[in-house]
Amino acid sequence: MKVDYIIVGLGLAGLAFVEELIEANKTFLVFEDDSQTSSLVAGGVYNPVILKRFTPVWNAKEQLKIALPFYKRIEDRLHIKIDQKFVIKKAFKSIEDQNNWFSALDKPKLVDYLDACLDSKSYNGVIADFSFGNVNEAGRIDTEKLVSSYRDYLKGNGLIQFEKFKHLKLNTDNEILVYKDITASKIVFCEGFGIKQNPFFNYLPLNEAKGELLTIHAPELNIDFLLKSTLFVLPIGNNYYKVGATFNWTDKTSNPSKEGKDELIDKLKKVIDVPYTIVSQSAGIRPTVAGRRPLVGIHDTYKQLVVLNGLGTRGVMIAPTVAKNLFNHLENNEELDIEIDIKRFKK
Ligand SMILES: Cc1cc2nc3c(=O)[nH]c(=O)nc-3n(C[C@H](O)[C@H](O)[C@H](O)COP(=O)(O)OP(=O)(O)OC[C@H]3O[C@@H](n4cnc5c(N)ncnc54)[C@H](O)[C@@H]3O)c2cc1C
């Protein structure tokens, strides 16, 4: 089999790059081994504001301008609904917290997103002593539905193989790559935390962070906004909510843990005061990078080898933009944004 591209990994990064290939009528084959779960378990929230510091997300406006039509196009092609728009209500912890919100209103990059009027209503079951601030133009992509539907779509078209890609079997001697009975002009590695097993790119400084979420059923909680407090409570319909997320920098497994569960239950006590049952728990490793910029670009020695990784905590917003930039860099001589280029890290 002869293809233009081999893609390793079909999470948000791989999917975003495959979309570029489909749009450009390139041929490709994807390998996916189900070793990582980050894109499957993600909350999927897109939010242009960093609510811990009331600062704008890097290139938020530009990213949303590309990301929202990107997901709409997939919704239309796959006949699925994955984009759920909502307001985020930030529950203030103190008067100081409120004052920081008012100061943030002066930042030009935030005016489109933050409401100047606070919401002092009370919502059954929600603990909030200092009102809420509304963030607009936010929402959630149902990443589990997106990734699984997309894999089915590729499977139906014979474009994905569900097996581990074995790096040592890749022949890089010539300009054309050879892997088993496949020849390809380029290979793009979109492996998330799996990059640690990649001998070509494992020198890159991925500072991975495990995250865990609970799905709960709370019949007396009736909110249609994302509640952001010490953790987020995200409505997914019929009084079910996703609650998260933890950050663990030492556990490198994707298994749900008792520590993660206990931490979420403990924090949730300070956020809602109505009964709930836990329906499920999930976990994954976020491919985060110190400096919060993705890891994208071409291998120093083997120019046919390419990486698209480091989407960190915001893969939903970032993936479509960086995949587009990478594709145009490889195919149309566009400059790669120096902030994301792996050239910033020496081998
Ligand atoms: C608990 C949690 C909550 C999150 N919430 C949000 C959120 O609300 N909003 C947001 O934007 N982001 C969120 N994220 C972050 C988001 O999940 C990531 O930014 C994104 O999913 C990373 O995508 P990726 O494709 O780079 O990596 P991954 O999703 O890890 O995908 C890599 C893929 O490569 C495959 N793979 C790896 N090695 C090989 C190999 N050798 N052969 C074949 N296949 C291979 C893996 O199986 C996997 O499917 C969250 C993450 C977690 C864990």
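Before reading further, recall that the structure is shown in the block above.
All figures in this text were calculated on a predicted structure; none of them were measured in a lab.

Parameters and conventions
- Residues numbered from 1 in each chain as written.
- Predicted model: local features only at pLDDT ≥ 70, side-chain atom pairs only at ≥ 80, totals over all residues.
- Heavy atoms only, no water.
- Helix = DSSP H or I, 4+ residues; strand = E, 2+ residues; numbered from the N terminus.
- Buried < 20%, exposed > 50% of the residue type's maximum accessible area, 1.4 Å probe, protein only.
- Pairing = 2+ DSSP bridges.
- Near = heavy atom within 4 Å.
- Polar contact = N/O pair within 3.5 Å; in protein donor to acceptor, adjacent residues only side chain to side chain.
- Areas by Shrake-Rupley, 256 points an atom, 1.4 Å probe, with all protein chains shown as cover.
- Nonpolar A, V, L, I, M, F, W, Y, C, P; charged D, E, K, R; others polar.
- Core = buried A, V, L, I, M, F, W, Y, C linked by side-chain atoms within 4.5 Å.
- Salt bridge = Lys/Arg side-chain N within 4 Å of Asp/Glu carboxyl O.

1. Points about unusual backbone geometry
Move 1: Backbone torsion omega between Gly 244 and Ala 245 reads -10°, so that peptide bond is classified as cis.
Move 2: Tracing the sequence through the fold places Ala 245 in the loop between strand S15 (240-244) and helix H6 (258-268).
Move 3: Look at Asp 34: it is not a glycine, yet its phi comes out positive at around 60°.
Move 4: Relative to the elements of secondary structure, Asp 34 occurs in the loop between strand S2 (28-31) and helix H2 (38-41).
Move 5: Exposure remark for Asp 34: the relative accessible area of 48% places this residue in the partly exposed category.
Move 6: With a phi angle near 55°, Asn 59 is a residue other than glycine that sits in the positive phi range.
Move 7: The class of Asn 59 is partly exposed, set by a relative accessible area of 32%.

2. Things to note about the pairing of strand S7 (residues 132-141)
Move 1: For S7, the buried fraction is high: eight of the ten residues fall into the buried class.
Move 2: Looking at chain direction, strand S3 (residues 45-46) and S7 are connected through two bridges and run antiparallel. Residue Tyr 46 lies in a different strand from S7, and its bridge partner there is Gly 139.
Move 3: Looking at chain direction, strand S6 (residues 83-91) and S7 are connected through eight bridges and run antiparallel. Its bridge partner being in S7, Phe 86 is matched across the sheet by Ala 138.

3. So, the site of the ligand
Move 1: Around the ligand there are 38 residues in total, and Glu 32, Ser 38, Ser 39, Val 45 and Gly 312 lie nearest to it.
Move 2: Within the side chain of Asp 33, an N or O atom sits 3.1 Å from a nitrogen atom of the ligand.
Move 3: Separating an oxygen atom of the ligand from a backbone N or O atom of Gly 312 is a distance of 2.7 Å.
Move 4: Considered on its own, the ligand offers 1,000 Å² of accessible surface; in the complex 97% of this is hidden by protein.
Move 5: When residues of the shell around the ligand are assigned to their parent elements, the largest contribution, three residues, is made by strand S12 (residues 209-217).
Move 6: Along the lines of polarity and charge, the residues of the shell around the ligand split into 13 nonpolar, 15 polar and ten charged.

4. Some thoughts on the nonpolar core
Move 1: Core analysis: the largest hydrophobic core is formed by 66 residues, its most contacted members being Ile 7, Leu 10, Phe 17, Tyr 71, Val 188, Leu 308 and Leu 326.
Move 2: Core analysis: the second largest hydrophobic core is formed by 25 residues, Phe 31, Leu 204, Leu 305 and Val 307 among them.

5. Observations concerning the pattern of salt bridges
Move 1: Scanning the entire structure with this criterion turns up 25 salt bridges.
Move 2: The salt bridge partner of Lys 81 is Glu 75, with a shortest N-O separation of 3.5 Å.
Move 3: Of the charged contacts in the structure, one is a salt bridge between Lys 89 and Asp 119, with a shortest N-O distance of 2.8 Å. Note that Lys 89 is positioned in strand S6 and Asp 119 in the loop between helix H4 (95-104) and S7, a separation of 30 residues in sequence.
Move 4: In this structure Asp 119 comes out as buried when scored by relative accessible area, which is 8%.
Move 5: Overlapping salt bridges bring together Glu 19, Glu 23, Arg 73 and Arg 77 as one network.

6. Brief notes about the pairing of strand S14 (residues 232-237)
Move 1: In the sheet, strand S13 (residues 226-228) pairs with S14 via two bridges, with the strands oriented antiparallel. Residue Leu 227 lies in a different strand from S14, and its bridge partner there is Val 233.
Move 2: The hairpin formed by S13 and S14 contains three residues between the paired strands.
Move 3: Linking S14 back to S15 in an antiparallel pair, the connection comprises two residues, with Asn 238 at a positive phi of about 55°.

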